[in-house]
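These are the residues of each chain, in order.
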Amino acid sequence: MKYHMPGKKGLAVAALTIVVLTGCASSGSSTSSSALQTALTDRGDYYADNTTSAVSQNSRVKFVIVHYTAENEENSFNTLAKGNKVSAHYLVAEHPKMLGHKPVITQLVSENRRAWHAGKSSWQGRNHINDSSLGIEIVNKGFTEKNGVRQWYPYTEAQINALALLLKDIIKRHEIEPNYVLGHSDIAPLRKQDPGKLFPWHRLAEQGIGAWPDAATVNKYLAGRSHFAPADLLSLQQALYQYGYDKIALTGVLDEETQMTISAFQMHFRPTNISGKADAETEAIAKALVEKYLTP
């Protein structure tokens, strides 16, 4: 077989290839080779070079949705981990195990993958919230109902402390807006009540987790009215729609769906009275939230 000697240009290219792939005796070249190998991900039949990360990008995760499981701990785990119709990214136990001074939180689905926790849902014109959210289930039985009166189950201090740590981490990593930290009842108010009346939204907001209205702005929109005075119903519907409850009808009529949506809103932002009545305080809170989070 005839052998062809490469020219000077060919020798230079060959030498460069050898340096890139194998490095040379100098410590500087060894560092370059090591850096390249570190940036490569072996995917079996090929390598992915992760050296460069584009400037124009953000997280696919826009929402965090909080749920209660409505079951005990064992059943909650079995349903979410082994069921074929529902799942969540994280499960917070009633009394999380501690490793040193840190709580242990169960992760059931990678944040890079979709969990089936939200169901039919919407917020601010976005449907299929599963596609762009992380779901967190908290072990809590929800409520029992007797003679039309609901008895809500409280959350434990340990699980709320653990949840706060988890939420702070997720919000920071995915740059999630405060008004996109929501309950299942916010994105599906006609179907769901979780995380329920006793979930401490205000306490979490004081730690920088989620949205909460400013008291002065609420008072501005109350405009001297009693908290329980009748609201301008159409104005309330419009404020709720603008804030995110986008399935509410803008009719000025207090139909059943409007009342259920108002009740879901009250569970989040005015849990002392979740009757679903269209009162002045609820209207003022909704308008204060729109001003704080959605007004340029």
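Look up: the structure comes first, before these words.
Keep in mind that what you see is a predicted model, and the values were worked out from it rather than measured. (Residues numbered from 1 in each chain as written. Predicted model: local features only at pLDDT ≥ 70, side-chain atom pairs only at ≥ 80, totals over all residues. Heavy atoms only, no water.)

> Explain the overall build of the protein chain residue by residue, including any values.
Along the protein chain, the regular secondary structure elements total ten helices and 13 strands. Buried positions account for 42% of the 296 residues belonging to the protein chain. Within the protein chain, counting contacts between residues at least 6 apart in sequence, those at least 24 apart form 65% of the total. Taken as a whole, the protein chain presents about 17300 Å² of accessible surface, with 53% of it coming from carbon and sulfur. (Helix = DSSP H or I, 4+ residues; strand = E, 2+ residues; numbered from the N terminus. Buried < 20%, exposed > 50% of the residue type's maximum accessible area, 1.4 Å probe, protein only. Contact = heavy atoms within 4.5 Å. Areas by Shrake-Rupley, 256 points an atom, 1.4 Å probe, with all protein chains shown as cover.)

> Hey, could you go over the pairing of strand β10 (residues 133-138) for me, with residue numbers and the actual values?
Where a strand is regular, its side chains alternate between the two sheet faces. Across the six residues of β10, six count as buried, placing the element largely inside the fold. Neither face of β10 is open: one carries S133, G135 and E137, the other L134, I136 and I138, and all of them are buried. Sheet analysis places strand β3 (residues 63-68) next to β10, joined by six bridges and oriented parallel. The partner of I65 across the bridge, within β10, is G135. One ladder, built from three bridges, connects strand β4 (residues 90-92) with β10; its direction is parallel. Paired with L91 across the bridge in β10 is E137. (Pairing = 2+ DSSP bridges.)

> I'd love a proper account of the sheet that holds β4, names of residues and values included.
Picture the strands of a sheet paired through backbone hydrogen bonds; they go either parallel or antiparallel. What the five strands build is an open sheet, ordered β7-β4-β10-β3-β13; its pairing is mixed. Taken across any chain shown, the strands that pair with only one partner, and hence form the sheet edges, are β7 (106-107) and β13 (181-183).

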